[in-house]
Amino acid sequence: MTDRSIAQEQPPRERQAGTEEKRRLIVDAAVRVFARKGYHAARVGDIAEEAGVAHGLLYHYFPSKEEVLATLFRENWSELLRRFEQVAASDEPADEQLRGIAKILLRTWRNNPDLVTVMVRDVARSSHLQSQVDEIGLGFETIQRVIERGQEDGVFRRDTDPRLASWIFYGALEEILTGWVLGQLPDGDEEVARAERTVIDVVCGGLGPRDDGVR
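Residues numbered from 1 in each chain as written. Predicted model: local features only at pLDDT ≥ 70, side-chain atom pairs only at ≥ 80, totals over all residues. Heavy atoms only, no water.

## Structural notes on helix α10 (residues 189-207)
In this model, α10 (19 residues) spans 27 Å end to end at C-alpha, consistent with the 27 Å of a helix rising 1.5 Å per residue. By the burial criterion, the buried members of α10 are Val192, Ala195, Glu196, Val199, Ile200, Val203, Cys204 and Leu207. All buried residues of α10 project into a common sector of 130° when viewed along the axis, lining one side. Residues of α10 that are exposed and point over 90 degrees away from its buried face: Glu190, Asp201, Val202 and Gly205. (Helix = DSSP H or I, 4+ residues; strand = E, 2+ residues; numbered from the N terminus. Expected span 1.5 Å × (residues − 1). Buried < 20%, exposed > 50% of the residue type's maximum accessible area, 1.4 Å probe, protein only. Arc of directions from axis to C-beta.)

## Section: the nonpolar core
By size, the foremost hydrophobic cluster in this structure holds 63 residues, and its most contacted members are Phe34, Leu72, Leu98 and Phe169. Ranked by residues supplied to this core, first place goes to helix α5 (residues 65-88) with ten residues. Setting aside anything within four residues of it in sequence, one finds leucine 98 in contact with Ile143, Val146, Ile147, Phe156, Phe169, Ile200, Cys204 and Leu207. (Core = buried A, V, L, I, M, F, W, Y, C linked by side-chain atoms within 4.5 Å. Contact = heavy atoms within 4.5 Å.)

## Considering the environment of methionine 119
Mapped onto the secondary structure, methionine 119 falls in helix α7 (residues 113-123). Methionine 119 sits 85 residues away from phenylalanine 34 along the chain, and the two C-alpha atoms are 9.8 Å apart.

## Description of the side chain of glutamine 151
By secondary structure assignment, the location of glutamine 151 is in helix α8 (residues 133-153). You can call glutamine 151 buried: its relative accessible area is 9%. Separated by 3.1 Å, the side chain of glutamine 151 and the backbone oxygen of arginine 157 make a polar contact. Among residues more than four places away in sequence, those in contact with glutamine 151 are Phe156, Arg157, Arg158, Thr160 and Pro162. (Polar contact = N/O pair within 3.5 Å; in protein donor to acceptor, adjacent residues only side chain to side chain.)

## Structural notes on the packing of α5 against α7
Close contact between α5 and α7 brings their axes to 11 Å; oriented N to C, the two are set at 120°. Classified by the angle between their axes, α5 and α7 sit oblique to one another. Classified by chirality, the crossing of α7 by α5 is left-handed. Along the contact surface, α5 presents Leu69, Leu72, Phe73, Asn76 and Trp77, while α7 presents Leu115, Val118, Met119 and Val123. (Axes fitted to C-alpha atoms, helices over the stretch in contact; angles between N-to-C directions. Parallel < 35°, antiparallel > 145°, perpendicular 65-115°, else oblique. Left-handed = near helix turned anticlockwise from the far one by under 90°.)

## Some details on the side chain of threonine 178
Relative to the elements of secondary structure, threonine 178 occurs in helix α9 (residues 162-181). In this structure threonine 178 comes out as buried when scored by relative accessible area, which is 10%. Residues within four places of threonine 178 in sequence aside, it is in contact with Val120 and Arg125.

## Overview of the environment of phenylalanine 73
The topology assignment puts phenylalanine 73 in helix α5. When the C-alpha positions of phenylalanine 73 and methionine 119 are compared, they lie 7.0 Å apart, and in sequence the two are 46 residues distant.

## As for the pattern of salt bridges
One pass over the structure, following the stated rule, counts 17 salt bridges. With its nearest N and O atoms 2.2 Å apart, the salt bridge here joins arginine 24 to glutamate 75. Taken together, the positions of arginine 24 in helix α2 (residues 12-37) and glutamate 75 in helix α5 put the pair 51 residues apart, joining distant regions of the chain. On the basis of relative accessibility, which here comes to 29%, the residue arginine 24 falls in the partly exposed class. A salt bridge links glutamate 190 to arginine 194; the nearest nitrogen and oxygen atoms lie 3.0 Å apart. (Salt bridge = Lys/Arg side-chain N within 4 Å of Asp/Glu carboxyl O.)

## A closer look at the packing of aromatic side chains
Between two aromatic rings, the relevant description is the distance of the centres plus the angle of the planes. Tallying each qualifying case throughout the model produces seven aromatic pairs. Consider the rings of tryptophan 77 and tyrosine 170, whose centres lie 6.1 Å apart with planes at 85°: the pair is edge-to-face. With a gap of 93 residues between them, tryptophan 77 in helix α5 and tyrosine 170 in helix α9 connect regions that are remote in the sequence. Residue classification places tyrosine 170 among the buried positions, given a relative accessible area of 13%. Among the aromatic residues, those joined into a cluster by ring pairs are Phe73, Trp77, Phe84, Phe140, Trp167 and Tyr170. A cation sits over an aromatic face here: lysine 65 above tyrosine 39, 4.4 Å from the ring centre. (Phe/Tyr/Trp six-rings, centres within 6.5 Å; stacked < 30°, edge-to-face > 60°. Lys NZ or Arg CZ within 6 Å of the ring centre and 35° of its normal.)

Following this line, the structure appears as structure tokens:
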């Protein structure tokens, strides 16, 4: 009995689970290969070897290396967006919500440095990112809503442009991640915690009411 005939005899649910497991195996392998070699230097064969699958099987799941990169971006950015939204929907004050978002993003480095390396070094600088602009914008919109809510509640002053503030906030976090990826900033547990505090102190301090009472 061939592998194909065995697969055909499997119930649809089991076949679907096996397909998703194999697909996840390939994406996880791609993260490791891209982090180690860089996206442009990596070959499809490198990913297949890392995943322990046949070269041709990889093309059954992904038509190209570019699609593997786009997939790992979509899936991981979607998960970050989901967690951002959970924070934004909480009853915490706006400054604590920004702190929560900062923790989610910065602690990803401690949990999965290979993924952050690929997202910062390869995805963020890829020409293929243009097709993902709308998805990226959703993250900034969530941060902007948090800042606007803080302005309405009097936590943040109202004479600051919330859209620009959201880009400044996210930009600061991304530059810290870039510093860790490039080895230019220390990245131990204590340094990660210090980075969280510093971003919040700088951004929320700037957004907070001024000494002259302006809100």
